[in-house]
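Here's the letter readout for the chains.
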Amino acid sequence: MNRKPEEDPCGEPRAGSGTGGAPSVAARSSPAGGRADREERHGVVIVGSGVGGSLAALRLARAGVRSVVLERGRRWPLDPAGTTFPAFPSPDRRLVWLDGESSPLPSPRSGPWARLFEAVEAALPRSTGLLDVRTEEGAVIVCGAGVGGGTLVYGGVLAQPRPAAFERVFPALDHEEFDRIHYPRARRRLGGAPFPRDLLDEPPYRAHRLFDRAVRASGLPAETIVSAFDFGALREELGGVRPAAAVVGQYHFTGCNSGARTSVDRTCLAEAEATGRAWVRPLHRVTGLARDRRRGYRVLTEHLAEDGTVRERVAFHCDRLLLAAGVHTPRLLLSARDSGALPHLHPSIGEDWGANGDHVAVVRTPGLSADPVQGGPSATLVHDTAGTAGVMHAPLTLPLGAGRMVWLGMGIPDRFGRWVRSADGRIGLEWDAEREAAARAQVEDVLHRVAGHLPGATVIPLTPSRPVVAHALGGVRLGRATDAHGRLHGHPGLYCLDGALLPGTAGAVNPALTIAAVVEHCLDHVLTDFTG
Ligand SMILES: Cc1cc2nc3c(=O)[nH]c(=O)nc-3n(C[C@H](O)[C@H](O)[C@H](O)COP(=O)(O)OP(=O)(O)OC[C@H]3O[C@@H](n4cnc5c(N)ncnc54)[C@H](O)[C@@H]3O)c2cc1C
C-alpha cells in the first residue's frame, strides 16, 4: 500500500530523521516518476544551484520563504593551500562529471562505432567532477556541475548587451527598466567589479594589453569588462600571498583555487543559506519530475556518493517547483512532458536553443613573446557599432603555441535548434553550427577589424563541425514556453528561472549577467505567488 509522504510545509530538518536531518521520511513505493527509497515533503523545491537557482533561493529566503535546493554536484569549499580544484596541465578525476547519462562520447549511437561507444561508456566509472561535457550531434556542450553551477567554472565576464542587441533579443522586455534596475542588481549579486587598468602593465596581462591597444586603435566601441572577481585577491596572487590561479589562466573550466574569481556558492547562495531558510542538498541528481496526488510536484532524485555511485533514491514532494538546472532544464521538462508525467507543458519546450552565436579564433602575433602565461580575467570588450557582434581576448591555459592568443566572439544567431525526445526516451539535440553562420560572419568582421591594428597578426578562425559550446541557452523561452515571468504554461506552481529562458542568445555578450537580470525580473513578479 502507498503511504502519503509525511506533511511538513516548512521543510525544516528534524534531528535524527535520516540522511542530513531530512524533514519527513517514509519508506516508499512506485508512483509517477519512478521508485524511491524515501520521500520528503517541502513547501518549495529549487532544482540547481547555479546562477538562477542561487538568486531564487536568496530572494525567497529574504521574503521569508523556505526552500530546499537540490544540486547534483558536490560542494567545492576553498582550501587555503589552493588544492580544491583540479588544475592543468595535470587534471584529475575531479574535473569531469560522468553520470551514465551525460557523456563525452559522440552521439547519436548509430553506425559501426555505436557498439564500441556503448561498451566504453559502460566501462567508464561514474564521477561527480566539476565539468559536465556532453557530446551531442552538432556540439559538445560544457557546463558546471556542483554547488555554484556554471559560476564554478566560468570566466566571470559580466557583460551587458548593448541597447539595440537587447531590444532585438527581448522585444517584450523594457530595456530602460533592465538598464536601471535588473542589470545593476545582477552585477551586485554576482560580485561584479571592473578590470583595474593598471593590471595591464603586469607581465601576465601582456596579451590583454596588445588586444586593448588594437581595440582602441580600431575606433570601434569598447568597454572595460566588469567581471565576478575580487581584484584584491588577484593582486595577492600576483604578490605570492595566495596560490597563483587566475594570474596563470587557471580559473575557467577548472575552477579558481585562489578564490579571486568568485562563485555564487560563496556569494548569494551563501547569503541565502545564512538566513536558515535555504537548505542546499548537494549530490542529489534529479532524474524525474511528475505531479503528485496533492496537485503539487514530485521530484525524484538519486542521492550520490562522491564517487558517483547511488546511495539511495529520494523523492521530494513540494507545492511549488522552481527549475534552475540550466542546460538540463529543457531536457528534464521534455522528458516529463513526453512521458506523460507533466502532459500539459507547452509544445515549444526544447525549442529556441542556441549556442549564443559564439565564434572562437586563434590570433597569432609576433608582438607576443614565445609562450607567455596569460592571466585572467578578460579586460576589454569590443563591439561593432550596432552592438550586435562583440569580441574579447579569452586567456586559456591550454598550450596554444608561440605568440598565440584566443579571441572569443559572440553574435546574435537567427536560426535555432531544439532538444527532442526519441522513441527510446533519449533526449538529443538537433542543431548544427551552420545555423549560426550569419552571426559568425558578423563576429569575423569585428575580429578582422581589430586584428588589423595588431602588427603582423594572422587570424586563424576555428570552425569545427562540432564546436565546444560553453554558452548553451534556451529550450524554455520566456513568454513562449512560460508566461512573461517564468511560470510554465499548463502546470500551476511550476517555474523556470535560468538560462533556458533566453532565446538561444544573450545579445552578443556572455550570458550569465543577462540570465541573472532576467531571473531577477521574473522574481520581482512571481514572489507574491509564494508569500501572498
Ligand atoms: C567554461 C565556461 C566558461 C564560462 N564563462 C562565462 C563567462 O565568463 N561569462 C558568462 O556570462 N558566462 C560564462 N559561462 C556560461 C555560464 O556559466 C552559464 O551561462 C550560467 O552559469 C548558466 O546559469 P544557469 O542558472 O542557467 O545554470 P547553471 O549555472 O549551469 O546551474 C545549473 C545547475 O543545475 C545543476 N543541475 C543540472 N542538472 C541537474 C539535475 N538533474 N539534478 C540536480 N541538479 C542539476 C547543475 O549541476 C548546476 O549546478 C561559461 C560557461 C562555461 C562552461
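What you see is a predicted model, and the numbers here were worked out from it, not measured in a lab.

1. Examining the sheet that holds strand β5 (residues 131-135)
Moving on, step 1. Read from one edge to the other, the open sheet built from 5 strands follows the order β4-β3-β5-β6-β21, with strand pairing classed as mixed. Two strands bound the open sheet, and with one partner strand each, they are β4 (127-128) and β21 (468-469).
Moving on, step 2. Alignment of strand β3 (residues 96-98) against β4, held across 2 bridges, turns out to be antiparallel. Each bridged residue has a counterpart across the sheet, and for Leu98 the counterpart in β4 is Ser127.

2. Some points on the site of the ligand
Moving on, step 1. By nearness alone, 36 residues border the ligand, and Glu71, Arg72, Val286, Gly499 and Ala512 come closest of all.
Moving on, step 2. Take Val51: an N or O atom from its main chain is 3.3 Å from an oxygen atom of the ligand.
Moving on, step 3. Contact distances for the ligand include 2.9 Å between a nitrogen atom and a backbone N or O atom of Gly155.
Moving on, step 4. With the chains in place, 95% of the 1000 Å² that the ligand exposes on its own is no longer accessible.

3. Some points on the pattern of salt bridges
Moving on, step 1. One pass over the structure, following the stated rule, counts 38 salt bridges.
Moving on, step 2. Residue Arg41 is joined to Asp319 by a salt bridge in which the shortest nitrogen-to-oxygen separation is 2.8 Å. Remark: Asp319 occurs in strand β13 (residues 310-323) and Arg41 occurs in strand β1 (residues 38-47); sequence separation between them is 278 residues.
Moving on, step 3. The salt bridge partner of Asp524 is Arg59, with a shortest N-O separation of 2.7 Å. Highlighted residues: Asp524 in helix α10 (residues 512-531) and Arg59 in helix α1 (residues 51-62), separated in sequence by 465 residues.
Moving on, step 4. Exposure remark for Asp524: the relative accessible area of 33% places this residue in the partly exposed category.
Moving on, step 5. A single network of salt bridges, built from pairs that share partners, joins Arg59, Arg185, Arg189, Glu520 and Asp524.

4. Regarding the state of the cysteines
Moving on, step 1. Scanning the model with the defined rule gives 0 disulfides in all.
Moving on, step 2. Considering cysteine sulfurs only, Cys496 is the nearest to Cys143, which forms no disulfide, with 14 Å between them.
Moving on, step 3. Free of any disulfide, Cys522 has its nearest neighbouring cysteine sulfur in Cys496, separated by 8.4 Å.

5. Regarding the packing of aromatic side chains
Moving on, step 1. A full pass over the atoms with the stated rule returns 13 aromatic pairs.
Moving on, step 2. Ring plane angle 75° and centroid distance 5.5 Å describe the contact between Phe229 and Tyr251, whose orientation is recorded as edge-to-face. Of this pair, Phe229 sits in the loop between β9 (226-227) and α6 (231-238) while Tyr251 sits in the loop between α6 and α7 (268-274), and the two are 22 residues apart along the sequence.
Moving on, step 3. Since its relative accessible area comes to 4%, Phe229 is described here as buried.
Moving on, step 4. On the basis of relative accessible area, Tyr251 is assigned to the buried category, the value being 1%.
Moving on, step 5. Taken together, Phe195, Tyr205, Phe229, Phe231 and Tyr251 form an aromatic cluster joined through their ring pairs.
Moving on, step 6. One Lys or Arg, Arg281, reaches over the ring of Trp279 and ends 4.5 Å from the middle of that ring.
Moving on, step 7. The ring of Phe530 has Arg320 sitting right over it, with the charged end atom 5.5 Å from the ring centre.

6. Things to note about a nonpolar patch on the surface
Moving on, step 1. Residues Trp113, Leu116, Val120 and Leu124 make up a contiguous nonpolar surface patch of about 360 Å² in total accessible area.
Moving on, step 2. Within the secondary structure, Val120 is located in helix α2 (residues 114-123).

7. Let's talk about helix α9 (residues 437-451)
Along an α-helix, residues three or four positions apart point the same way, because every turn accommodates 3.6 residues.
Moving on, step 1. Its 15 residues place the ends of α9 20 Å apart at the C-alpha level, agreeing with the 21 Å of an ideal helix rising 1.5 Å per residue.
Moving on, step 2. Residues Ala439, Arg440, Val443, Val446, Leu447, Val450 and Ala451 constitute the buried set of α9. End-on view of α9: buried residues confined to an arc of 130°, all on one side of the axis.
Moving on, step 3. Of the surrounding elements, those touching the buried residues of α9 are α5 (206-218), β14 (358-364), β15 (380-383), β16 (390-393), β17 (404-410) and β20 (458-461).

8. Concerning unusual backbone geometry
Moving on, step 1. Residue Pro377 is reached from Gly376 by a cis peptide bond, and omega for that bond is 5°.
Moving on, step 2. The residue Pro377 is located in the loop between β14 and β15 in this model.
Moving on, step 3. The backbone of Phe253 shows a phi angle near 75°, a positive value even though the residue is not glycine.
Moving on, step 4. Summarising the element assignment, Phe253 is placed in the loop between α6 and α7.
Moving on, step 5. Overall, Phe253 belongs to the partly exposed group, its relative accessible area being 32%.
Moving on, step 6. Its identity is not glycine, yet Asp352 carries a phi of approximately 60°, on the positive side.
Moving on, step 7. Relative to the assigned elements, Asp352 resides in the loop between α8 (329-338) and β14.
Moving on, step 8. By relative accessible area, which is 10% here, Asp352 ends up buried.

9. Re the pairing of strand β2 (residues 67-70)
Moving on, step 1. With burial as the criterion, each face of β2 is covered, one bearing Ser67 and Val69 and the other bearing Val68 and Leu70.
Moving on, step 2. Pairing analysis gives 3 bridges linking β1 to β2, with the strands arranged parallel. Its bridge partner being in β2, Val45 is matched across the sheet by Val68.

10. Looking at the confidence of the model for the chain
Moving on, step 1. With 92% of its residues at a pLDDT of 70 or more, the chain shows a mean pLDDT of 90.
Moving on, step 2. Counted against residues more than four places away or in other chains, residues 1-29, with its pLDDT under 50, gives 72 contacts.
Moving on, step 3. Scoring of the predicted complex yields 0.93 for pTM and 1.00 for ipTM.

Conventions and cut-offs
Residues numbered from 1 in each chain as written. Predicted model: local features only at pLDDT ≥ 70, side-chain atom pairs only at ≥ 80, totals over all residues. Heavy atoms only, no water. Pairing = 2+ DSSP bridges. Helix = DSSP H or I, 4+ residues; strand = E, 2+ residues; numbered from the N terminus. Near = heavy atom within 4 Å. Polar contact = N/O pair within 3.5 Å; in protein donor to acceptor, adjacent residues only side chain to side chain. Areas by Shrake-Rupley, 256 points an atom, 1.4 Å probe, with all protein chains shown as cover. Salt bridge = Lys/Arg side-chain N within 4 Å of Asp/Glu carboxyl O. Buried < 20%, exposed > 50% of the residue type's maximum accessible area, 1.4 Å probe, protein only. Disulfide = S-S within 2.5 Å. Phe/Tyr/Trp six-rings, centres within 6.5 Å; stacked < 30°, edge-to-face > 60°. Lys NZ or Arg CZ within 6 Å of the ring centre and 35° of its normal. Patch = residues over 30% accessible without salt bridge, like charges linked within 9 Å, V, L, I, M, F, W, Y side chains within 5 Å. Expected span 1.5 Å × (residues − 1). Arc of directions from axis to C-beta. Contact = heavy atoms within 4.5 Å. pLDDT = per-residue confidence, 0-100.

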